[in-house]
Amino acid sequence: MAIWDEVLSSHALPEGLSAEFIQNEWSQVVQAQGLQSREDYLKAARTGRGTRLDRRTRASLWPIFETFRARMREEGLAEPDDAFREATSLLEVDAETLPYSAVVVDEAQDMGPQAFKLIRAIAPDGEKGGKNSIFIVGDAHQRIYQRRASLSSCGIEVRGRSRRLRLNYRTSENIRRWAVSVLDGVEIDDLDDGTETEAGYKSLFSGVEPEFASASDRDNEAQLIFQRLATLRKATDSDLEAASEPSACVLMRTNREVDAMGDRLRNLGLETVRLRDNQADDPSMPGLRLATMHRSKGLEFDWIFIAGAEEGSLPPHAALASAVDAAMRRAIIDQERSLVHVAATRAKSFLHVSWVGQPASILKGVSS
Ligand SMILES: Nc1ncnc2c1ncn2[C@@H]1O[C@H](COP(=O)(O)OP(=O)(O)OP(=O)(O)O)[C@@H](O)[C@H]1O
């Protein structure tokens, strides 16, 4: 972001800390906890942040955060956490007269404490709000934005009141198992203070195993996808029971990769539809969908092609290179595993994973 670049280049960074580490410190400690003063930051808990920061280092970081906040204000900008916090304090003043009776939340795994404090403020746990005024759905396996909150510490008491949905109606057992194996070693929480296990989760139906393909270059990868899609479509055409053409989507890591793959697939004669951020899919448009893995959150398709799944792309080399300690490295890798898990679980019946060069090491056990 331009403001971060400007602020970081105008300050001397404490030795050993990267620009990414400092931005993470801002979002995961300062913003997540709503810290407003130097004193609060100096004594704040930094659980899970890896590199220890002594008082002097924290004191030298605080002016960077203050400058960033001031520059944002000058530009008339606020981060979502600022907006959540300000809205919460406005609502708390008028708590008795709020017109809301309930709040329904989806994708809760990617929301931080400030968002949940706001949700609690919208539906206070009092006589008026009642005990059942908030409904929250989330899946920590799918956390892809480094946001994490403990619901009870945000005033939302779920202990003894939550349910696990263990039956997967979308994804075949074969694909689900592979998608879970990608998360091997990642600690999954229960959106509160506990950890989650895999026990008891299963799919309603089984199908074909995921397929893996190694390509010699990106053109060859596009051809592999084109050919596999053609054989799948042919098999479906001959299936008289098939009511309509199955939906299919190619997922890659970055917008640039998706655009370039789209060009290649169109050159091969395929009709494509690009799914962009903040834009709904139009189901009446025919064609193979193309999207980033992040955009695929919440969607589903009969067939999914994950492309560009090579070492150096998942996670991107530059992201890993910015890690200043083992905890940051681990967080980047875990988040990438979750992203692949999200992408893979968009598939109902067929999953194809391809790469150029070496498959990403997070895809354990994969070979073409
Ligand atoms: N009880 C059910 N019976 C039949 N199909 C169901 C049932 N519940 C969900 N489904 C189907 O399973 C698929 C996934 O459901 P849904 O999108 O609600 O899941 P989700 O947990 O929000 O998924 P995700 O968080 O992974 O995007 C959908 O195609 C939906 O129609």
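The structure displayed is predicted, hence computed values, not measured ones.

Concerning the overall build of the chain
So, step 1. When you go through the chain residue by residue, the secondary structure sums to 11 helices and 10 strands.
So, step 2. Taking 2.2 N^0.38 as the reference for a compact globule, 368 residues should give roughly 21 Å; the C-alpha atoms of the chain span a radius of gyration of 23 Å, in line with that estimate.
So, step 3. With the C-alpha coordinates of the chain rotated into their principal frame, the extents come out at 70 × 50 × 40 Å.
So, step 4. Counting over 368 residues, the chain shows a buried share of 46%.
So, step 5. Excluding contacts between residues fewer than 6 apart, the proportion of contacts in the chain whose partners are at least 24 apart in sequence is 75%.
So, step 6. Element-wise, carbon and sulfur atoms account for 50% of the exposed surface of the chain, whose accessible area totals about 19,200 Å².
So, step 7. Charge centroids of the chain, computed over 47 positive and 57 negative side chains, lie 3 Å from each other.

A look at the domain arrangement of the chain
So, step 1. Domain annotation of the chain identifies domain 1 (2–74), domain 2 (80–163) and domain 3 (174–356).
So, step 2. Of the residues lining the interface, 10 residues belong to domain 1; the matching set on domain 3 comes to five residues.
So, step 3. Regarding the contact of domain 1 and domain 3, the summed buried area is about 490 Å², with carbon and sulfur atoms giving 62% of it.
So, step 4. Inspection of the domain 1/domain 3 interface yields zero salt bridges.
So, step 5. Viewed at the interface, domain 3 and domain 1 are joined by two residue pairs in polar contact (both at pLDDT 80 or more).
So, step 6. Across the side of domain 1 that touches domain 3, the residue classes tally to two nonpolar, six polar and two charged.

Notes on the site of the ligand
So, step 1. Taken together, the neighbourhood of the ligand is formed by Gln-142, Tyr-169, Arg-170, Gly-298, Glu-300 and Arg-346.
So, step 2. With respect to the ligand, the side chain of Arg-170 contributes an N or O atom lying 2.9 Å from an oxygen atom.
So, step 3. Between the ligand and Arg-346 there is a distance of 2.9 Å, counted from an oxygen atom to a side-chain nitrogen or oxygen.
So, step 4. Tallied by class, the residues present in the shell around the ligand amount to one nonpolar, two polar and three charged.

Focus on the side chain of Asp-82
So, step 1. Examined against the element boundaries, Asp-82 turns out to sit in helix H5 (residues 80–93).
So, step 2. Filtering out sequence-adjacent residues up to four positions away, Asp-82 remains in contact with Gln-31 and Arg-69.

Quick notes on the sheet that holds strand S8 (residues 288–292)
So, step 1. Pairing is parallel in the open sheet, where six strands are placed in the order S5-S10-S9-S6-S8-S7. A strand with exactly one partner marks an edge of an open sheet, and here the two such strands are strand S5 (211–215) and strand S7 (272–274). Each strand of the sheet is rotated relative to its neighbour by a mean of 25 degrees, with strand direction disregarded.
So, step 2. Pairing geometry for S5 and strand S10 (residues 347–356), over five bridges, is parallel. Within S10, the residue paired with Phe-212 across the bridge is Val-353.
So, step 3. Sitting on the sheet, helix H7 (residues 173–181) touches S5 and S10, and the angle it makes with S10 is about 45 degrees.

Regarding the packing of aromatic side chains
So, step 1. For the coordinates displayed, the defined rule picks out nine aromatic pairs.
So, step 2. Both rings, one in Trp-4 and one in Phe-68, keep their centres 4.0 Å apart while their planes meet at 10 degrees; by these two values the pair is stacked. Within this pair, whereas Trp-4 is found in helix H1 (residues 2–9), its partner Phe-68 is found in helix H4 (residues 55–74), the two being separated by 64 residues in sequence. Just as Trp-4 is buried, Phe-68 falls in that class too.
So, step 3. A ring pair is formed by Tyr-41 and Trp-62, whose centres lie 5.7 Å apart and whose planes are at 25 degrees; its orientation type is stacked. In this pair, Tyr-41 is assigned in helix H3 (residues 38–42) and Trp-62 in helix H4, connecting sequence segments 21 residues apart.
So, step 4. A residue is classified by how much of its surface remains accessible, and Tyr-41, at 0% relative accessible area, is buried.

Notes on the confidence of the model for the chain
So, step 1. Of all residues in the chain, 96% attain a pLDDT of 70 or more, and the chain-wide mean is 92.
So, step 2. Across the assembled chains, the prediction reports ipTM 0.97 with pTM 0.90.

Some details on H4
Each turn of an α-helix holds 3.6 residues, which means side chains three or four residues apart point in the same direction.
So, step 1. Taking 1.5 Å per residue, 20 residues should reach 28 Å; H4 reaches 29 Å between its end C-alpha atoms and fits that length.
So, step 2. Within H4 the residues assigned to the buried category are Thr-57, Arg-58, Leu-61, Trp-62, Ile-64, Phe-65, Phe-68, Arg-69, Arg-71 and Met-72.
So, step 3. Buried residues in H4 make contact with H1, helix H2 (19–33), H3 and H5.

Focus on the environment of Val-353
So, step 1. Its location among the elements puts Val-353 in strand S10.
So, step 2. For Val-353, a relative accessible area of 1% translates into the label buried.
So, step 3. Among residues more than four places away in sequence, those in contact with Val-353 are Trp-178, Glu-211, Phe-212, Ala-213, Ile-306, Ala-309 and Leu-363.

Observations concerning the nonpolar core
So, step 1. By size, the foremost hydrophobic cluster in this structure holds 53 residues, and its most contacted members are Tyr-41, Phe-65, Trp-178, Ile-306, Leu-351 and Leu-363.
So, step 2. Among the secondary structure elements, those contributing two or more residues to this core are H1, H2, H4, H7, strand S6 (248–252), strand S9 (301–306), helix H11 (326–344) and S10.
So, step 3. With eight residues, the top contributor of residues to this core is H11.
So, step 4. Mapping this core onto the domain boundaries places at least three of its residues in each of domain 1 (2–74) and domain 3 (174–356).
So, step 5. Apart from residues no more than four positions distant in its own chain, Leu-363 is found in contact with Trp-178, Ala-309, Val-340 and Val-353.
So, step 6. One finds Phe-116, Ala-123, Ala-140 and Leu-151 within the second-largest nonpolar core, a separate group that totals 22 residues.

What counts, and where the lines are drawn
Residues numbered from 1 in each chain as written. Predicted model: local features only at pLDDT ≥ 70, side-chain atom pairs only at ≥ 80, totals over all residues. Heavy atoms only, no water. Helix = DSSP H or I, 4+ residues; strand = E, 2+ residues; numbered from the N terminus. Rg over C-alpha atoms; globule rule 2.2 N^0.38 Å. Buried < 20%, exposed > 50% of the residue type's maximum accessible area, 1.4 Å probe, protein only. Contact = heavy atoms within 4.5 Å. Areas by Shrake-Rupley, 256 points an atom, 1.4 Å probe, with all protein chains shown as cover. Lys, Arg positive; Asp, Glu negative; His and termini not counted. Charge placed at Lys NZ, Arg CZ, Asp CG, Glu CD. Domains from an automatic or database assignment. Buried area = accessible area lost by both parts, 1.4 Å probe. Salt bridge = Lys/Arg side-chain N within 4 Å of Asp/Glu carboxyl O. Polar contact = N/O pair within 3.5 Å; in protein donor to acceptor, adjacent residues only side chain to side chain. Nonpolar A, V, L, I, M, F, W, Y, C, P; charged D, E, K, R; others polar. Near = heavy atom within 4 Å. Pairing = 2+ DSSP bridges. Axes fitted to C-alpha atoms, helices over the stretch in contact; angles between N-to-C directions. Phe/Tyr/Trp six-rings, centres within 6.5 Å; stacked < 30°, edge-to-face > 60°. pLDDT = per-residue confidence, 0-100. Expected span 1.5 Å × (residues − 1). Core = buried A, V, L, I, M, F, W, Y, C linked by side-chain atoms within 4.5 Å.

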